[in-house]
Each structure stands twice: as structure tokens, then as C-alpha cells.
Amino acid sequence: MTRAIVLDIEGTTSPTDSVRNDLYGYTEQRLPTWLAENASGTAESVITQTRELAGEPTADTDRIAEILTGWLHSDVKAEPLKAAQGAICAQGFRAGALHGRFFDDVVPALSAWHEAGLPLYVYSSGSERNQRDWFTFAEAGDLSGLITDHFDLVSAGPKRESTSYDDIADRIGIPAQEILFLSDHPDELDAATAAGWQVVGVHREGEPNPPRAPHRWVESFADIEVGARA
């Protein structure tokens with residue numbers, strides 16, 4: 001039986017370009033100003049961590065912006081980049097410049113699963129702060145009430161390592177074999193399977209990650225039957 005569902009965002013609940021173009025673009029445009037204006041405040045830890053990771057202990061804010069922008073373009077999952085993106089995009093969501101976008105089949109499915117009493121969790125490489133805002137400020141309205149909790153690379157670990165899924169299962173208090181993970185990335189499905197989870201791959205037209213055996217793949221959340229082992 002399935003007693004909990006854990007969701008990826010990019011390519012699974014939401015179009016990849018909605019994350020990379022909207023959030024990444026908004027972050028890149030505002031990053032230099034945000035660093036300069038908050039160097040002794042909210043951006044201080046971002047600057048310190050970036051200097052340490054890049055091996056440039058004297059880098060000024062302009063150089064920090066260059067480093068973080070390079071990581072953004074390369075999709076480097078670095079903690080200071082995620083922290084900066086979370087803070088910058090939080091402003092965008094609250095200003096009405098950003099909204100969470102979802103595939104048409106997602107909200108009806110999440111609502112039905114939530115109504116049936118299934119706790120829903122999100123595990124994404126985006127910061128927990130961005131995840132929460134993505135659901136709270138969705139184009140379809142506030143969806144935050146559908147989600148029980150959020151996990152990211154800082155709170156749970158890398159998505160391609162089975163130990164991350166072990167940790168999430170322990171924290172939500174549900175046996176691994178009763179958790180269903182939905183993702184568009186085969187390597188993430190492999191890691192969740194190694195941890196004993198149920199998995200279903202989600203491949204949508206136009207999304208970059210192709211299906212790969214041995215996992216079951218669907219094109220829509222409407223094709224997922226929850227109740228028996230998936």
C-alpha cells in the first residue's frame with residue numbers, strides 16, 4: 001500500500017522551462033544588486049560560503065555575482081547559490097513577478113490524493129524556501145495546504161544517493177516500501193528504488209529526461225493509481 005507520496009518539481013509537477021527561465025532568470029538579473037545591498041546582512045553568509053567553495057577568499061561582490069551566475073548557468077547545486085536564489089525569488093513571488101506553474105493534470109491529482117488522506121511531500125533541488133513559494137504563489141492559487149513538508153539538498157542530501165531517501169523515510173516516519181516517489185529523472189528513481197521506495201517515472205512531451213528501464217513511466221498524474229503497490 002502507498003501511505004505517502006513524495007514529488008519532484010522540475011519536469012514532474014512543473015515544466016522545466018518555468019523553473020529555469022522564470023526563477024533562474026529572475027535570480028540572475030537581480031543577483032549583483034542583491035549582493036551589494038545586503039553584503040553585511042542577509043547576503044553575508046552567501047558571500048562567505050561562495051568565497052570558500054570557489055577558493056577566492058578576497059572576492060568582492062561583483063566577483064561573487066560572476067561565480068554564482070556561472071554556477072547558475074551550469075546548474076551547480078551549491079548551497080550559497082540556492083540560498084541567494086531563495087531570498088531573491090522570495091521577493092519576486094511576493095511582488096507578483098513570479099508564480100508557480102504546474103502541468104494541467106497535477107493540481108487535480110494532488111487535490112484528490114490529499115482529500116483521500118495521503119500526505120504529500122516535495123523533494124527538489126530548489127531550496128525549501130523556493131519550493132514553498134512555488135506552491136503558495138501558484139498560478140492556480142495557494143496550493144501550500146496540499147503539502148505536508150518540503151525537503152531540499154541541504155535538509156535531505158543529494159537526490160541521486162539512496163541515503164537521502166533513507167533519511168526522508170525516517171523523518172516522515174513511514175516505512176520505505178510504503179512511500180511512492182514521482183520524478184522525471186531516472187537516476188533519482190534508481191536511488192529511491194535502492195532505498196526500498198516505490199517509484200513511478202513521469203515523462204512529459206518536451207521535457208529533457210528520457211524514460212529508462214526498469215521503471216514504470218507515465219505521461220500524466222492521471223495515469224497513476226494510488227492504493228496498491230505502484
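Quick note: structure is the one above.
Residues numbered from 1 in each chain as written. Predicted model: local features only at pLDDT ≥ 70, side-chain atom pairs only at ≥ 80, totals over all residues. Heavy atoms only, no water.

J.: Describe the packing of aromatic side chains, and please don't skip the residues or the numbers.
T.: In this structure the tally under the stated criterion is ten aromatic pairs. Centre to centre, the rings of Phe181 and Trp197 are 6.0 Å apart; their planes meet at 80 degrees, and the pair counts as edge-to-face. Taken together, the residues span a long stretch of sequence, with Phe181 in strand 4 (residues 179-183) and Trp197 in the loop between helix 8 (186-194) and strand 5 (198-202) at a distance of 16 residues. Taken as a pair, Phe181 and Trp197 share a single burial class, namely buried. Aromatic ring contacts, followed pair by pair, group Phe93, Phe102, Trp134, Phe135 and Phe137 into a single cluster. (Phe/Tyr/Trp six-rings, centres within 6.5 Å; stacked < 30°, edge-to-face > 60°. Helix = DSSP H or I, 4+ residues; strand = E, 2+ residues; numbered from the N terminus. Buried < 20%, exposed > 50% of the residue type's maximum accessible area, 1.4 Å probe, protein only.)

J.: I'd love a proper account of the environment of Asp167, names of residues and values included.
T.: With respect to the helices and strands, the residue Asp167 is situated in helix 7 (residues 162-172). Overall, the relative accessible area of 28% leaves Asp167 in the partly exposed class. Linking Asp167 and Phe135, residues 32 residues apart in sequence, is a C-alpha distance of 23 Å. The contact partners of Asp167, leaving out residues within four places of it in the chain, are Ser155 and Ala156. (Contact = heavy atoms within 4.5 Å.)

J.: Break down empty space enclosed by the protein for me, with residues and values.
T.: The rolling of a water-molecule-sized probe over the atoms marks out the regions of remaining empty space. Enumeration over the complete set of coordinates arrives at one cavity of 30 Å³ or more. Considering only enclosed or pocket space, the largest cavity measures out at about 140 Å³ in volume. Along the walls of the largest cavity sit 13 residues, with Ile9, Val19, Leu23, Ser124 and Gly126 positioned nearest its centre. Elements represented by at least two residues in the lining of the largest cavity include exactly helix 1 (16-37), helix 4 (79-95) and helix 6 (128-136). Partitioned by chemical class, the residues of the lining of the largest cavity number five nonpolar, six polar and two charged. (1 Å grid on protein atoms, 1.4 Å probe; cavity = no way out; pocket = protein on both sides within 12 Å on 5 of 7 lines; lining within 4 Å. Points joined across faces, edges and corners; volume = space filled by probe spheres on them. Nonpolar A, V, L, I, M, F, W, Y, C, P; charged D, E, K, R; others polar.)

J.: Help me get a handle on the side chain of Ser125, residues and values and all.
T.: Mapping Ser125 onto the fold places it in the loop between strand 2 (120-123) and helix 6. On the basis of relative accessible area, Ser125 is assigned to the buried category, the value being 14%. Setting aside residues up to four positions removed in sequence, Ser125 forms contacts with Lys77, Lys82, Leu153 and Lys159.

Read these as geometric descriptors, not functional statements.
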